[in-house]
Amino acid sequence: MCGIVGYAGSAPASEKPLEVCLQGLKRLEYRGYDSAGVALVAPGMNTVVFRKKAGRLSNLVNQIKRTPMPDATVGIGHTRWATNGAPSDVNAHPHISQDGKIALIHNGIIENAQQLKFDLQAEGYSFSSGTDTEVAAKLLGKIANQVIEEKGEPDLFEALRRVSRMLTGAFTLLAVDVRQPQIVVGARHDSPLVVGLGDGENFLGSDVAAFVAYTKQALELGQDEAVCISGTDVTVTDFDGNAVDAKPFTVDWDASASEKGGWDSFMDKEIHEDPEAVKNTLLGRVDLDGRLNLDELHISEDVFRSIDKIIVVACGTASYAGLVAKYAIEHWVRIPVETELASEFRYRDPILTPRTLVVAISQSGETMDTLMALRHAREQGSRVLAICNTQGSSIPRESDAVLYTHAGPEIAVASTKAFLAQITAAYLLGLYLAQVKGTMYRDEISNTLEALAAMPPKIQRVIDTQSDVVKDTARRMVNAHSFLFLGRHVGYPIALEGALKLKEIAYTFTEGFAAGELKHGPIALVDEGEPVVVIVPPARGRNILHAKVMSAIEEVQARGAFTIAVAEEGDENVADVADVVFWRPECPTLMSPLVDVVPLQLFAMDMATLKHYDVDKPRNLAKSVTVE
């Protein structure tokens, strides 16, 4: 959702605060937004200087060029994804206190904003926007003045803590005050905020991408914690003012990793990083004796042995990674695995016990539905293990254990390389459980790990050999009004993921189905020329499954469908029947999702590009969904 940047330096007023805010917001564009703004403060100012503009960040930059901003010592910046109030200049952040001395930016939803607004209006406060954020800004201005009356001097940090205790909902708040031009203060509740530690300067951001160009040293902020940064100091407390020892960490990628590096789009770059994402997620997981050693899992082996059920909670693409994991883990570990949409999980009164392991999958680590699901699971006494790509984020911090995917920053809104890394991490978890529980022999685990380690070159081969035929097929299909995607076994979640990609960035109506459901309704949608994409399993070892899927291809072709198959090299049956084939190298069935999804990622990207859509920032979507 919203992107947040804060900067405090120890040097005299300069252009640096504005530079950091604009560069940070540029790197946070992938989160999705509809407006942008900045606020600056320096000694001698009587009121905060701010600019804000609806639309892309470039609109704000152009406005600043027309009406330049002064040098400053501190600054805050924001990209907004509308939740309260339509996208517009007036609803954009920052919002300003009644006296103009404080600027505030906000990510999240303040659920009691209406009542607070009513109370403030009764006291004579006026409002110009339709946002809950302006309510927080006016309230902070009021409380800040009360603190001055009590203490005889300004204390924005104390004022923000008091305001935070008055709010309900989910929020990250950042604020600056002209009466304290050396500090930026922040607070978080159910919304992300991380601190960057520099030399003579410090940073705040909704994630580390906001400041990674300046420092790799960071601090995690916990739930219901507040922070005050200056150029030389960082203070972290809870909302009551009690000191907190924040946990430091080092960012394991640099700013260049979050740049296009010559690619036409971030999505194109990240698809080409699929092999590396899988390879990096596997690195360092096996000890010298050939045993899986997952150091991040701070859950004892005895607890893992006691697990009798796994529930995977996730949203969107991550949920399809969980569905792939279900097939593998049940096969290897022989315990039931359920895959739940995190948004539905806690509303159906799930059966959870201390012997249930809940696996929360999230690229950003801030997906609010997944975060609320894991909290519910822990309240019921279940252990939670996170599979995540982002250090210092909320989901790993609130889980009992974490497996990091090491895919590197994923900027494009539509997930690609993180999906493959999530599947890989889930496979590692399944094999580790099989090792601990003794459900597989040591050589079986070793052979499976070898097969997994052999996948990156096979993924690369798909990219190298299939890109042209995928692009040619996209040209043929660019005017299609709808698509059907079909798959069986592990091909089913890949069909769902392929359909989702086409929806997300090519804005084409698509549906994914289990191929066995074709006769139970979906076949009614098939008429002359309807594109149907089919994930075909290998014939080796599962010939019955292969034959069933081939039958589905023949059924839709008989009704005039244009069939696109994803199949194993050398499958002559598919070559004879399908109109187009995207070929994958030979690999074990359970590994096939790692190669099957790649041409579907390329296909969605090519379709969107041919339609002249923004591949990286599709309409109405945000990279990190931090509200329910």
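Cut-offs used in this document
All chains use their own residue numbering, which begins from 1 and follows the written sequence. Side-chain atom pairs in this predicted model are given and counted only at pLDDT of 80 or more, local residue features only at pLDDT of at least 70, and totals for whole chains, interfaces and linings cover all residues. To obtain the side-chain values, all non-hydrogen atoms of the structure were included, while hydrogens and water were left out. The helix and strand labels rest on DSSP assignments: H or I over at least four residues marks a helix, E over at least two residues marks a strand, and numbering proceeds from the N terminus. In this setup the radius of gyration rests on C-alpha atoms only. A globule is expected at 2.2 Å times the number of residues raised to 0.38. A 1.4 Å probe rolled over the protein chains alone gives each residue an accessible area, and that area as a share of the maximum for its type sets the label: buried under 20%, exposed over 50%, partly exposed in between. Residue contacts are defined here by distance: any two heavy atoms, one from each residue, within 4.5 Å place the two residues in contact. We call two strands paired when DSSP finds no fewer than two bridges between them. Here an angle of 0 to 180 degrees is reported between the N-to-C directions of two axes, which are lines fitted to C-alpha atoms, with helices fitted over the stretch in contact. Residue types Ala, Val, Leu, Ile, Met, Phe, Trp, Tyr and Cys, when buried and joined through side-chain atoms within 4.5 Å, form a set referred to as a nonpolar core. The term polar contact refers here to a pair of N or O atoms within 3.5 Å; inside protein, the definition further demands a hydrogen-donor-capable atom paired with an acceptor-capable atom, and it admits residues adjacent in sequence only when both atoms are side-chain atoms. Helix span, expected: 1.5 Å multiplied by one less than the number of residues in the helix. Each Phe, Tyr or Trp ring, with Trp reduced to its six-membered ring, pairs with another whose centre is within 6.5 Å; inter-plane angles below 30 degrees give stacked pairs, above 60 give edge-to-face pairs, and intermediate values give tilted ones.

Colleague: How do you make sense of the overall build of the protein when you look at a structure like this?
Modeller: A count of helices and strands for the protein gives 19 helices and 24 strands. Relative to the 2.2 N^0.38 estimate, which gives 25 Å for 628 residues, the radius of gyration of the protein is 26 Å and therefore close to what a compact globule would have. With the C-alpha coordinates aligned to their principal axes, the bounding extent of the protein is approximately 80 × 55 × 45 Å. For the protein, buried positions account for 62% of its 628 residues. Counted over contacts in the protein with a minimum sequence separation of 6, partners at least 24 positions apart contribute 72%.

Colleague: Quick question: what am I supposed to make of unusual backbone geometry here?
Modeller: Among all residues except glycine, the phi angle is most often negative; among peptide bonds, the trans geometry is most common. In this structure, the amide linkage connecting His93 to the following residue, Pro94, adopts the cis form with an omega of 10°. Take Pro94: it is sitting in the loop between strand S4 (74-80) and strand S5 (95-96). A positive phi angle, close to 55°, is found at Asp224, a residue other than glycine. Position of Asp224 relative to the elements: it lies in the loop between strand S11 (217-220) and strand S12 (225-229). The phi angle at His406 is positive, at roughly 55°, despite the residue not being glycine. Position of His406 relative to the elements: it lies in the loop between strand S19 (401-404) and helix H13 (417-437).

Colleague: What should I look at first to understand the pairing of S19 in this one?
Modeller: The side chains of a regular strand alternate, first on one face of the sheet and then on the other. Neither face of S19 is left uncovered, since the one carrying Ala401 and Leu403 and the one carrying Val402 and Tyr404 both have all their residues buried. Strand direction decides the pairing type here: strand S18 (residues 383-388) and S19, joined by 4 bridges, are parallel. The residue bridging Leu385 from the neighbouring strand is Ala401, located in S19.

Colleague: Just checking my understanding: could you explain the sheet that holds S11 for this structure?
Modeller: Strand pairing within a sheet occurs via backbone hydrogen bonds; the two strands may be parallel or antiparallel. If you walk across this open sheet you meet the 8 strands as S3-S2-S4-S1-S10-S9-S11-S14, and the pairing is antiparallel. Among the strands making up the open sheet, the edge pair consists of strand S3 (49-54) and strand S14 (248-250). The sheet shows a mean angle of 20° between the axes of neighbouring strands, taken without regard to direction.

Colleague: Would you explain the nonpolar core in this entry?
Modeller: Nonpolar side chains tend toward joint burial in soluble globular proteins. Counting residues in hydrophobic clusters, the biggest one holds 95 residues, and the most contacted among them are Ile310, Trp332 and Phe603. Here this core takes 13 residues from H13, the largest share from any one element. Residues Leu22, Tyr33, Val236 and Val251 belong to the second largest nonpolar core, which totals 52 residues.

Colleague: Teacher, can you tell me more about the sheet that holds S12 here?
Modeller: Pairing is antiparallel across the open sheet formed by 6 strands, whose spatial order is S5-S6-S7-S8-S12-S13. Pairing within the sheet leaves two strands with one partner each, and these edge strands are S5 and strand S13 (234-238). Here S5 pairs with strand S6 (residues 102-110) via 2 bridges, running antiparallel. Paired with Ile96 across the strands is Ala103, a residue of S6.

Colleague: What am I meant to see in the side chain of Glu410 here?
Modeller: Residue position: Glu410 is located in the loop between S19 and H13. Owing to a relative accessible area of 3%, Glu410 belongs among the buried residues under this scheme. Polar contacts involving the side chain of Glu410 include one to the main-chain amide nitrogen of Ala418, which spans 3.0 Å.

Colleague: Could you clarify how one ought to interpret helix H11 (residues 368-379) in this entry?
Modeller: Because each turn of an α-helix spans 3.6 residues, side chains separated by three or four positions in sequence point in the same direction. Taking 1.5 Å per residue as the helical rise, H11 with its 12 residues ought to reach 16 Å, and the 16 Å between its terminal C-alpha atoms agrees with that figure. When you tally the buried positions in H11, you get 10 out of 12 residues, the bulk of the element. Along H11, the positions that sit buried rather than exposed are Met368, Asp369, Thr370, Leu371, Met372, Ala373, Leu374, Arg375, His376 and Ala377. Tucked inside the fold, the buried residues of H11 contact strand S7 (169-177), strand S15 (309-314), helix H10 (342-345), strand S17 (356-362), S18 and helix H12 (394-398). Residue Gly381 follows H11 closely and has a positive phi angle near 95°.

Colleague: Even after reading the chapter, I still don't get the packing of aromatic side chains, so can you show me in this structure?
Modeller: Under the defined criterion, the tally for this structure stands at 10 aromatic pairs. Aromatic pair Phe171 and Phe239: ring centres 6.3 Å apart, planes at 15°, arrangement stacked. Pair noted here: Phe171 is in strand S7 and Phe239 is in the loop between S13 and S14, with a separation of 68 residues, a long-range link. Of the two residues examined, Phe171 and Phe239, each falls in the buried class. Consider the rings of Phe582 and Phe603, whose centres lie 6.3 Å apart with planes at 50°: the pair is tilted. Pair noted here: Phe582 is in strand S24 (residues 580-584) and Phe603 is in helix H19 (residues 593-610), with a separation of 21 residues, a long-range link. For Phe603, a relative accessible area of 3% corresponds to the buried category.

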